[in-house]
Amino acid sequence: MNQLTKKRIRKSTATVTVLTLTALLASACGNNDNNGNASPSASATSSGSASATSSAATTTSAAPSASDEGGDAFAKYDPPIEVTTVRSTDATIKFADGDSLDSNIWTQLFEQGYGIKVKNNWVVDATQYHQKLNVTIASGDLPDFVEVNREELKRLVDADMLEDLTDVYNKYASERLKDMLSQDGGVGIKAATFGGKQYAIPRTFANGGSSTAEMIYVRTDWLKNLNLPEPKTMDDLIKTAKAFATQDPDKNGKQDTFGLGVDNDFFNYGQGSLRGFMNGFHAYPDIWVKDASGNLAFGSTQPQIKTALAALQDLYKSGAIDKEFGVKPSSKIAEEIGAGKIGLAYGFVADVYIHNVSHTNDPKAQWKVLPIVSSDDEKAVPQLFDTANSFYVVKKGAKNPEVAVKLANIYVKERYETDYTVKKDPYSTDPATKIMAAKFAPIITDPMNQNLDNYRSTQELLKTGDDSKATTAAKLTAENLKKFKDGDDTQWQLNLIVGEGGSYSVVDYYDQNGGGQYDQFQLSATPTMADKLPTLKKKEMETFTKIIMGDASVEEFDKFVADFNKLGGDTITKEINDVVSAAK
């Protein structure tokens, strides 16, 4: 993920809400992990519970209850043990008086409840973390466990500095941790595995997996004005986009609308993306996919991209795409959606807030969210963001290598109910002080399907009326959805998230139909990739923009592919296939 994408993801899109589910969605574009790595989806560590208790600083730690999983997963050490790690901090990590990363509600729980004393060898600002960690790695003085990125993980594996966690994970991981880390079909665990051995625990985020897929936002009042059906195929979508640009869908007597919102960095996170459009042609830009021979190839060089570019060039010529899209940032697309100038755009599950602005400005503006559509009879499969970009590893020879796994077990048990909704307890965010106690934990793994599960619980409650098994979040959500159906328009945004035709109905559809397409290269960058790929991607954006705008013919794509391969692409492709083969 490039730096611009990370910057966009860090921008908060928070809106005020009393619901855990809505709060998570609202922050889905504004979350960092504690080492400065951005996630394309919301982490529960930055979200408040529906009604958290008082300050974490005043809460005493508790030993595991009899109802928790027993056995090795949560067994207390007697006598107690001490393990070391290193940490980073940033402006989002705030403490009550007397607390710090060295002493807080989690360290108290670990020590008093489980006999584990966690000692930080050092703590630095997140901007300095990897620099400091690299010095530590070079010195050979690793702590017992540590969080690393992909490149650091690979380097440590190659240097034989890490403990093989395969048997440790199988023996000590709780069933809930195993279940949670399997929600992506094993992608994160695969990224932590080399030569058939698991060397790390992936750090996962809430709202991952299918929740990171793009979807179509369409103005249904415009469809009604033009007597058009909801687009179910790519031909439908193209017809709709052209009609929205040329047939006065808002009935103001002016040709002042655009059919498809596109920004100047259209493969990055945000409104105006073209990933979902490309996926409809079975094209997967900027990720590695399997080619016809079964080897990995760069998605942006595959022939399906050329077909998609031809369709985009046609849309541009028709006026469905703004002639000035090449200088428009994603924020401008969001602004124009809010101003009623765009009626169709690809976006993400949390982009509902943008369309809520549109409805607030013009109550006649009605939106619906649809799955991406296909250009042929083959099912359209959306591409997904990586499950994890950072990992927890254990130093080779550590006396208690299982501790990292057990700390992850404890985090999941204390943070989440059995259905993975956030517990209303001091390990969440304190609504009064805004202190995010969850961020103090040295090992964080959040359920990727948390909001999807909440959506399903809500829908089941609405369908059956039986609230005996419903979560608190589901009960609150269902109550407010009923208010919307009874005419309370203040619940419009919530309905577009979890109601009929809402963004999570699309996520549910994706999840029920195979999820999506992950990047098939889940290891660290090869030498040539690190050196050459950023420049090649810049050339990609320049070429594709020219083709869409008609400044270059569609045949220019073939020259781009030839140049891509000649300027390093062939070498990168060989390197990654060699690395993948060696890792099996």
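None of the values given here were measured: they were computed from a predicted structure.

Participant: I'd love a proper account of the overall build of the protein chain, names of residues and values included.
Facilitator: Tallying secondary structure elements over the protein chain gives 21 helices and 12 strands in all. Counting only residues that meet the buried cut, the protein chain has 59% of its 584 residues in that class. When contacts within the protein chain are restricted to residue pairs at least 6 apart in sequence, long-range pairs at least 24 apart make up 76% of them. As displayed, the protein chain has an accessible area near 23200 Å², and 49% of this comes from carbon and sulfur atoms.

Participant: Explain the environment of Pro426 to me, and be specific about the residues and the numbers.
Facilitator: Residue placement: Pro426 occurs in the loop between helix H15 (403–415) and helix H16 (450–464). In sequence terms Pro426 and Ala437 are 11 residues apart; their C-alpha atoms lie 7.1 Å from each other.

Participant: An account of unusual backbone geometry is needed here, citing residue identities and associated values.
Facilitator: At the junction of Asp78 and Pro79, the peptide bond is cis and its omega measures out at 10 degrees in the coordinates. Mapping Pro79 onto the fold places it in the loop between helix H2 (20–26) and strand E1 (81–89). One non-glycine residue with positive phi stands out, namely Asp160, at about 55 degrees. Within the fold, Asp160 resides in the loop between helix H5 (150–158) and helix H6 (166–172). A positive phi angle is found at Asp286, which is not glycine, with a value near 65 degrees. For Asp286, the position within the fold is in the loop between helix H11 (275–279) and strand E8 (288–290).

Participant: Which residues make up the sheet that holds strand E6 (residues 201–202), and what values do they have?
Facilitator: Taking strand neighbours across the sheet as the criterion, the 3 strands line up as E3-E12-E6 in an open arrangement whose pairing is antiparallel. Each edge of the sheet is formed by a strand with only one pairing partner; in this case those strands are strand E3 (145–149) and E6. Set on the sheet, H5 makes contact with E3 and strand E12 (390–394); between it and E3 the angle comes to about 120 degrees.

Participant: I'd like a description of the pairing of strand E2 (residues 116–125), backed by residues and values.
Facilitator: Along any regular strand, the residues point their side chains to alternate faces of the sheet. For E1 and E2, the ladder comprises 8 bridges, and the chain directions are parallel. When the bridges of E2 are listed, Thr85 appears paired with Asn120. For the segment spanning E1, helix H3 (residues 105–114) and E2, crossover handedness is right-handed.

Participant: Pulling in residues and values, what's your account of the packing of helix H12 (residues 303–318) against helix H20 (residues 527–549)?
Facilitator: Direction vectors running N to C along H12 and H20 enclose 45 degrees, while the axes themselves pass 7 Å from each other. In terms of axis orientation, H12 runs oblique to H20. Two secondary-structure elements touch here, H12 through Ile305, Leu309, Leu312, Gln313 and Tyr316 and H20 through Phe544, Ile547, Ile548 and Met549. Its residues assigned to classes, the contact of H12 with H20 comprises 8 nonpolar, 1 polar and no charged.

Participant: I'd like to hear about the packing of aromatic side chains, residue by residue, with values.
Facilitator: The geometry of two aromatic rings is summed up by the distance between their centres and the angle between their planes. Using the criterion set out here, one finds 22 aromatic pairs in the structure. On the numbers, 5.9 Å between centres and 55 degrees between planes, the contact of Phe560 with Phe564 is tilted. Here Phe560 pairs with Phe564, and both are found in helix H21 (residues 556–583), just 4 residues apart, close to one helical turn. Residues Phe560 and Phe564 agree in their burial class; the two are buried. Among the aromatic residues, ring-to-ring pairing joins Phe266, Phe267, Trp288, Phe298, Tyr316, Phe325, Phe544, Phe557, Phe560 and Phe564 into one connected group. The lysine or arginine in question, Arg415, covers the ring of Tyr416, its NZ or CZ lying 5.2 Å from the ring centre.

Participant: Tell me about the nonpolar core, and please be specific about residues and values.
Facilitator: Judged by nonpolar contacts, the single largest core of 111 residues is most densely connected at Leu260 and Phe277. Apart from residues no more than four positions distant in its own chain, Phe277 is found in contact with Met234, Leu237, Leu260, Ala308, Ala311, Leu312, Leu315 and Tyr346.

Participant: Hey, could you go over the pattern of salt bridges for me, with residue numbers and the actual values?
Facilitator: Close approach of charged atoms allows side chains with opposite charge to pair. If you walk through the whole model with that rule in mind, you get 25 salt bridges. One salt bridge connects Asp508 with Arg456, and the closest N-O pair in it is separated by 2.6 Å. With Asp508 in helix H19 (residues 503–512) and Arg456 in helix H16, the pair connects residues that are 52 residues apart, well separated along the chain. A network of salt bridges, in which partner residues are shared, links Arg219, Asp221, Asp362 and Lys364.

Participant: How would you summarise the packing of H16 against H19 if you had to cite specific residues and measurements?
Facilitator: The interhelical angle for the contact between H16 and H19, taken along N-to-C directions, is 105 degrees, at an axis separation of 10 Å. By the angle between their directions, the pair H16 and H19 is classed as roughly perpendicular. Contact residues: H16 offers Asn451, Leu452, Tyr455 and Arg456, while H19 offers Tyr504, Ser505, Val507, Asp508, Asp511 and Gln512. Across the contact of H16 with H19, the residue classes tally to 4 nonpolar, 3 polar and 3 charged.

Participant: Describe in detail the sheet that holds strand E11 (residues 367–370), supporting the description with residues and values.
Facilitator: Ordered in space as E10-E7-E11, the 3 strands form an open sheet in which the pairing is antiparallel. Taken across any chain shown, the strands that pair with only one partner, and hence form the sheet edges, are strand E10 (344–347) and E11. Pairs of neighbouring strands in the sheet enclose a mean axial angle of 25 degrees, with direction left out of account. By the bridge criterion, 4 bridges tie strand E7 (residues 215–219) to E10 in an arrangement that is antiparallel. Opposite Met215, over in E10, you have Gly347 as the bridge partner. The strands that H19 touches are E7 and E11; relative to E7, the one it contacts most, it runs at about 145 degrees.

About the thresholds
The numbering scheme is per chain: residues are counted from 1 as the chain's sequence reads. Given that this is a predicted model, residues contribute local features only at a pLDDT of at least 70 and side-chain atom pairs are listed and counted only at 80 or more, while totals for whole chains, interfaces and linings are drawn from all residues. Note that the side-chain values use all heavy atoms of the structure and ignore hydrogens as well as water. For the purposes of this entry, the term helix denotes a DSSP run of H or I that reaches at least four residues, the term strand denotes a run of E that reaches at least two, and both are numbered from the N terminus. Note on exposure labels: buried denotes an accessible area under 20% of the residue type's maximum, exposed denotes more than 50%, and partly exposed covers the range between, all computed with a 1.4 Å probe on protein chains only. Whether two residues are in contact is decided by their heavy atoms: any pair within 4.5 Å suffices. Each accessible area value is a Shrake-Rupley result obtained with a 1.4 Å probe; residue values ignore everything except the protein chains displayed when judging cover. When DSSP finds two or more bridges between a pair of strands, those strands are recorded as paired. Axis definition: a line fit to C-alpha positions, over the contact stretch in the case of helices; interaxial angles, taken between N-to-C directions, run 0 to 180 degrees. A right-handed crossover is one whose linking path, passing over the helix from the first strand to the second, runs clockwise when the strands point away from the viewer. For classification purposes, an angle smaller than 35 degrees is called roughly parallel, one larger than 145 roughly antiparallel, one from 65 to 115 roughly perpendicular, and anything else oblique. Three classes are used, and their members are as follows: Ala, Val, Leu, Ile, Met, Phe, Trp, Tyr, Cys and Pro are nonpolar, Asp, Glu, Lys and Arg are charged, and the others, Gly among them, are polar. By convention, a stacked pair of Phe, Tyr or Trp rings (six-membered ring in the case of Trp) has centres within 6.5 Å and planes under 30 degrees apart, an edge-to-face pair has planes over 60 apart, and any other such pair is tilted. A ring is considered to have a charge above it if a Lys NZ or an Arg CZ atom is located within 6 Å of its centre and within 35 degrees of its normal. Throughout, nonpolar core names a set of buried Ala, Val, Leu, Ile, Met, Phe, Trp, Tyr and Cys residues whose side chains join them through atoms within 4.5 Å. What makes a salt bridge here is a side-chain nitrogen of Lys or Arg within 4 Å of a carboxyl oxygen of Asp or Glu, nothing more.

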